[in-house]
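Structural description and commentary
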Amino acid sequence: MPFLKLVPDNTNIGFVRVRHIAFILTALLTVASIAAVGLRGLNLGVDFVGGLMVEAKFTGPPPLEAVRANVDSLGVGQTTLQQFGDPKSVSIRLPLPESSDEGATNKVVAKVSDSLKKEYPGVTFPRYDTVSGKVSDELIQNGLLAVVLAVLGMAVFSWFRYEWQFGVSTAVAVVHDVLMTLGFFAITQMEFDLNIVAAVLTIIGYSINDKMVIDDRIRENMRKYRQMDMKSLIDLSVNETLPRTVMTSVTIMLALGALLIFGGHVLRGFTAAMLLGIIVGTYSSVYVSSSLLISLGLEPQKFDKKASSKSAGAERVGPRS
Amino acid sequence: MLDFPRWKVLSIVIALAIGVLLAIPSLIPEGDAARYGLGGMPRINLGLDLSGGSHLMLEADTVDLAKNNVARMEEQVRAEMRRGDTKIAIGDISTTGGRLSFFVRDGAQVDAAVERLRTLTQPAGMTGQRDWNVAVVDSTRIVLTPTDSGLKAATNSAMDVATEVVRKRIDELGTKEPTIIRQGADRIIVQVPGLQDPSALKALLGKTAKLEFKLVDQSASPEQLASGRAPVGSEIVPYPDNPGGTPVIALKRRVLISGDELINAQQGFDQQTNEAIVNITFNSEGGRKFARVTQENTGKPFAMVLDGKVISAPNINEPILGGQARISGRFTVESANQLAIALRSGKLPVALKVVEERTVGPEMGADSIKAGTVASAIAVLAVVLFMWAAYGRFGIYANLAVIINVFVIVGVMALLNATLTLPGIAGFVLTIGAAVDANVLINERMREEYRRGRTPVQAVELGYKEASRTIFEANVTHAIVGLIMFVLGSGQIKGFAIVLLIGIATSVFTAVVFTRMLVALWLRKARPTTLNV
């Protein structure tokens, strides 16, 4: 029985040859992402800016402008309305009341829900979050710290396991993935909350996984073909691992696709971020991180010396059949 | 690699079987689990975003805490200076800037005063520091400054008490399975599943419940009240429900009886007016004090002060003996009941503020679970079909591994009493996708080796051997990220990280060890001459 093959056997695509084009494209996209974040900004959720978020579920798609006018007329501060993926659900964001009295937020919630219930019978309020400014600052700090530590942690790991060039190229590629995702959120203005930080961390995890597989193959081939020049060696390694790269990306996208379509609106932003991250991560594994190794001056001879002196006598270093 | 002794097969099968069995109680509804005698088995916890409920983060008011700390010291100092044969006269006490300062009237007694103060300070922290610094300035003025470790120790003990008080109050509300955890130096996390309206809870937790009985200073003139300046020995206190009109009242500073002497508080009704009231019972000491105070002050108004506000100030009509009293005020049944609970559970040593609140309706939680389950099922189905189409027999082995992996993750989570959150479901789905990665790596490697002309057995053997190293490298780095998320993440992120970490561990085991066993058993039996992969 013939099996499904997404990538034909023995591909020989010249990834390294186009690396300059890839770098320029990547750089442009990255700059565009940073610009988008800088100019449009991220639509930060209450997790990060503090405030009050009430989710309202109407019986049908609500007239957004009328709802906004209704909430605005209550005098509870600047209202931000946002539609979820589900057309009946709207998130209403308000600043936290100035008073530190415990009852104050309750009163705001009650005011909004009473007013909306009167106007739109059948509306329900399945969720509300309030986060104070102090807590939200901490959440931003911890989120940033987590992302930075994750990138550093894996860079250090791959530096110790392989060569410093692997650490740097992986870190660069991962930072690129993160920036792309942020750019996506800046452009779509989807709400960026704590869950999205989890998604970004996941993208980092996956992206590293992807790059490790290729790096590992490069290292293996460096031992196997000592005389081969770096460019063909990297091309060979990327081509050899290409079927796996594509197969795995497709299976994960299948799984995430199910979540995107059937997982409900609460997780939609989260899933969209991960899907995009998988695509960007796969791209950066194939085009960016491995090609970058050449630009960083990785040489097989030097590598071989280090490897054999460090793990002399280890099973893997022995002559291959 | 074909060498799979029977004991190895057996232990792998048993390990996985245990994992799968552990998952069963979590997969059937709670009631059914009890019916099949599985009630006591560990179940996966559902996060509040899935089960519905409220998550509150309470933070101690540090300003309030420091103030209480100094106030307590002031009391101790006054008592200590009066103690013994030689009383030390002090004056001009001030507690500004978090420090306590006073002067000793007789200059010759300064040393003796410092000596007595030393006994009031306690060792705090590891470095042999004490909780207060005692310094003499201008030869007769003594300044007491709390040290950092002293403040830390004070916060710590206050938070211990506060956590207990919060626990008592929530238990009194009769909510089901609340979780109350202290977090960090000055925070308490309260999670109450299934609660739809957390405002009662918040109102209750926001009360310090410091109850004091004081005499009303009737000598204060309306002008004094208006200007906020009280006669000597008195203070102006807010009285929002004052029937007399002005929202303030002048009270003597001295606390006659405090809420600490209460042994019970119950909501009740006034027999004449049918208004909601709170009946309180004093301990014997408090009862005696109450009797004496009411005897001495019959006919005078008497104020009940709760958290710095006067609730009511009725006249004492007759001496109240027997240690029973009641607090009237403009209560509803609900607010009287809340006050009774707050008084019963004791006063909070520090005011708590709600700094984070997340409430999810139970309906929405149920929707999320349903959507998550459907999405997971479809994800599994899509991945299974895809793997089968891509790798045939080896794809089926991988699929078996993935399906068992799903159960084992649930089982391990149940065993660890881990909490499944909404992002956790996403983590789950992602794990399903990523779990096949190891098998993809192995199978692609087999294809490669087989194409290079190796025998089926060699191809399989090399496929597993070479891929295992890669799988290890890739998953260790992935686990680093998971660990960082777990350590730094709060609530939701942590939930995601748990699933991810467990998923990494179990998927490597099922993908590498379990499928290798299946492949080995098949190779041994079929002895294929060609490898169809």
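Cut-off values and rules
- Counting restarts for each chain: residues are numbered from 1 in the order of the written sequence.
- Throughout, the order in which chains and ligands are written sets their labels, letters from A for the former and numbers from 1 for the latter.
- This being a predicted model, a pLDDT of at least 70 is required before a residue's local features are given, and a value of 80 or more before pairs of side-chain atoms are given or counted; all residues contribute to the totals for chains, interfaces and linings.
- Processing note: side-chain calculations cover all non-hydrogen atoms of the structure and skip hydrogens and water entirely.
- Here a helix means four or more residues in a row that DSSP labels H or I, a strand means two or more in a row labelled E, and each is numbered from the N terminus.
- UniProt positions are given in the numbering used here, feature names are shortened, and annotations may be inferred rather than shown by experiment.
- Residues enter patches when they are more than 30% accessible in relative terms and free of salt bridges; like-charged ones are connected within 9 Å and nonpolar ones (Val, Leu, Ile, Met, Phe, Trp, Tyr) within 5 Å.
- Here the Shrake-Rupley method, with its probe set to 1.4 Å, supplies the accessible areas, and only the displayed protein chains count as covering residues.
- Throughout this description, the term salt bridge denotes a Lys or Arg side-chain nitrogen within 4 Å of a carboxyl oxygen of Asp or Glu.
- A simple rule labels every residue: compare its accessible area, found with a 1.4 Å probe on the protein chains alone, to the largest value its type can have, and call it buried under 20%, exposed over 50%, or partly exposed in between.
- Strand pairing is assigned whenever DSSP identifies at least 2 bridges connecting the two strands.
- Domain borders in the structure are assigned automatically or taken from a domain database.
- The criterion used for residue contact is that any of the two residues' heavy atoms lie within 4.5 Å.
- Accessible area, probed at 1.4 Å, shrinks when two parts are joined; the buried area is that loss added up over both.
- The term polar contact refers here to a pair of N or O atoms within 3.5 Å; inside protein, the definition further demands a hydrogen-donor-capable atom paired with an acceptor-capable atom, and it admits residues adjacent in sequence only when both atoms are side-chain atoms.
- Each residue receives one of three labels: charged for Asp, Glu, Lys and Arg, nonpolar for Ala, Val, Leu, Ile, Met, Phe, Trp, Tyr, Cys and Pro, and polar for the others, Gly being one of them.
- Residues belong to one nonpolar core when they are buried, are Ala, Val, Leu, Ile, Met, Phe, Trp, Tyr or Cys, and are joined through side-chain atoms within 4.5 Å.
- All tallies of charge rest on Lys and Arg as positive and Asp and Glu as negative; His and the ends of each chain are not included.
- In this context, the arc is that of the directions from the helix axis out to the C-beta atoms.

**What to know about unusual backbone geometry**
A positive phi angle, close to 50 degrees, is found at D138 of chain B, a residue other than glycine. Note that D138 of chain B resides in the loop between β5 (132-137) and β6 (141-146).

**Details of the UniProt feature "transmembrane region" (unreviewed entry) in chain B**
All names here are of chain B. When the UniProt feature table is mapped onto this chain numbering, "transmembrane region" (unreviewed entry) sits at residues 371-389, 396-416, 422-442, 471-490 and 496-523. Here residues 422-442 runs as 100% helix and 0% strand, with 32 Å between its end C-alpha atoms. Note that residues 496-523 is 100% helix and 0% strand, and that its end C-alpha atoms are spaced 38 Å apart.

**Quick word on a nonpolar patch on the surface**
On the surface, V156, W159, F160, W164, V168 and V172 of chain A cluster together into a nonpolar patch covering about 560 Å² of accessible area. Structurally, the position occupied by V156 of chain A is in helix α5 (residues 133-161).

**Things to note about the pattern of salt bridges**
If charged atoms from side chains of opposite charge come close, those side chains can pair. Summed over all chains, the structure comprises 43 salt bridges over all chains. The shortest N-O distance in the salt bridge between E240 of chain A and R452 of chain B comes to 3.1 Å. Within this pair, whereas E240 of chain A is found in helix α8 (residues 230-262), its partner R452 of chain B is found in the loop between α13 (422-451) and α14 (456-488), the two belonging to separate chains. With relative accessibility at 38%, the residue R452 of chain B sits in the partly exposed group. Its salt-bridge partner being E449 of chain B, residue R452 of chain B comes within 3.9 Å of it at the nearest N-O pair.

**Topic: the UniProt feature "transmembrane region" (unreviewed entry) in chain A**
All names here are of chain A. Residues annotated by UniProt as "transmembrane region" (unreviewed entry) correspond here to residues 21-42, 139-160, 167-188, 246-267 and 273-298. The span residues 21-42 is 86% helical and 0% strand by assignment, and the distance between its end C-alpha atoms comes to 29 Å. Across residues 246-267, the secondary structure splits into 77% helix and 0% strand, with the terminal C-alpha atoms separated by 25 Å.

**Quick look at the pairing of β6 of chain B**
Residues and elements named next belong to chain B. Bridge count for strand β4 (residues 100-104) against β6 is four bridges, and the pairing is antiparallel. Considered in β6, the bridge of F103 is made with R141. The turn linking β5 back onto β6 is made up of three residues, and D138 within it adopts a positive phi angle of 50 degrees.

**Examining the domain arrangement of chain A**
All names here are of chain A. Split by domain assignment, chain A resolves into domain 1 (16-43 + 136-305) and domain 2 (51-131). Counting residues at the interface gives eight residues for domain 1 and nine residues for domain 2. In total, about 610 Å² of surface goes out of reach between domain 1 and domain 2, with carbon and sulfur atoms giving 46% of it. The tally of links from domain 1 across to domain 2 stands at one salt bridge. A salt bridge links R93 to E191, with the shortest nitrogen-to-oxygen separation between them at 3.3 Å. Where domain 1 meets domain 2, there are four residue pairs in polar contact (both at pLDDT 80 or more). Partitioned by chemical class, the residues of the side of domain 1 that touches domain 2 number two nonpolar, four polar and two charged.

**Thoughts on the nonpolar core**
Ranked by size, the top nonpolar core spans 134 residues in total, and within it L201, I204 and I218 of chain A together with F394 and M413 of chain B carry the most contacts. With residues near it in sequence (within four places) discarded, M413 of chain B still touches I44, A418, T419, L420, I498, V499 and I502 of chain B. Among the nonpolar cores identified, the runner-up in size contains 25 residues, and L215, F302, F331 and A340 of chain B belong to it.

**A closer look at the environment of Y128 of chain A**
With respect to the helices and strands, Y128 of chain A occurs in strand β5 (residues 124-131). Y128 of chain A gets classed as buried once you look at its relative accessible area, which sits at 10%. Setting aside chain neighbours within four positions, we find Y128 of chain A in contact with L52, M53, V54, N106 and V109 of chain A together with P198, E357, R358 and T359 of chain B. Of note is the side chain of Y128 of chain A, whose polar atom sits 2.9 Å from the side chain of E357 of chain B.

**Focus on the side chain of S89 of chain A**
Tracing the backbone shows S89 of chain A in strand β4 (residues 89-94). In this view, S89 of chain A contacts E55, A56, K57, Q82, Q83, F84 and H265 of chain A; residues no more than four positions away in its chain are not counted.

**Re the side chain of K207 of chain B**
Residues and elements named next belong to chain B. In this structure, K207 sits in the loop between α7 (199-206) and β9 (211-215). The buried charged residue K207 lacks any salt bridge, with D307 as its nearest oppositely charged partner at 6.9 Å. If near-sequence neighbours (up to four positions away) are discounted, K207 is found in contact with R169, L306, D307, Q338, A342 and L348.

**Details of α7 of chain B**
Of the positions making up α7 of chain B, those classed as buried are L201, K202, L204 and L205 of chain B. Take α7 of chain B and look down its axis: the buried residues cluster within an arc of 165 degrees, on one side only.

**Description of the environment of S94 of chain B**
Residues and elements named next belong to chain B. Relative to the helices and strands, S94 resides in strand β3 (residues 90-94). Expressed as a C-alpha distance, the spacing of S94 and E363, which sit 269 residues apart in the sequence, is 56 Å. Among all residues touching S94, those that are not within four sequence positions of it are R99, L100 and S101.

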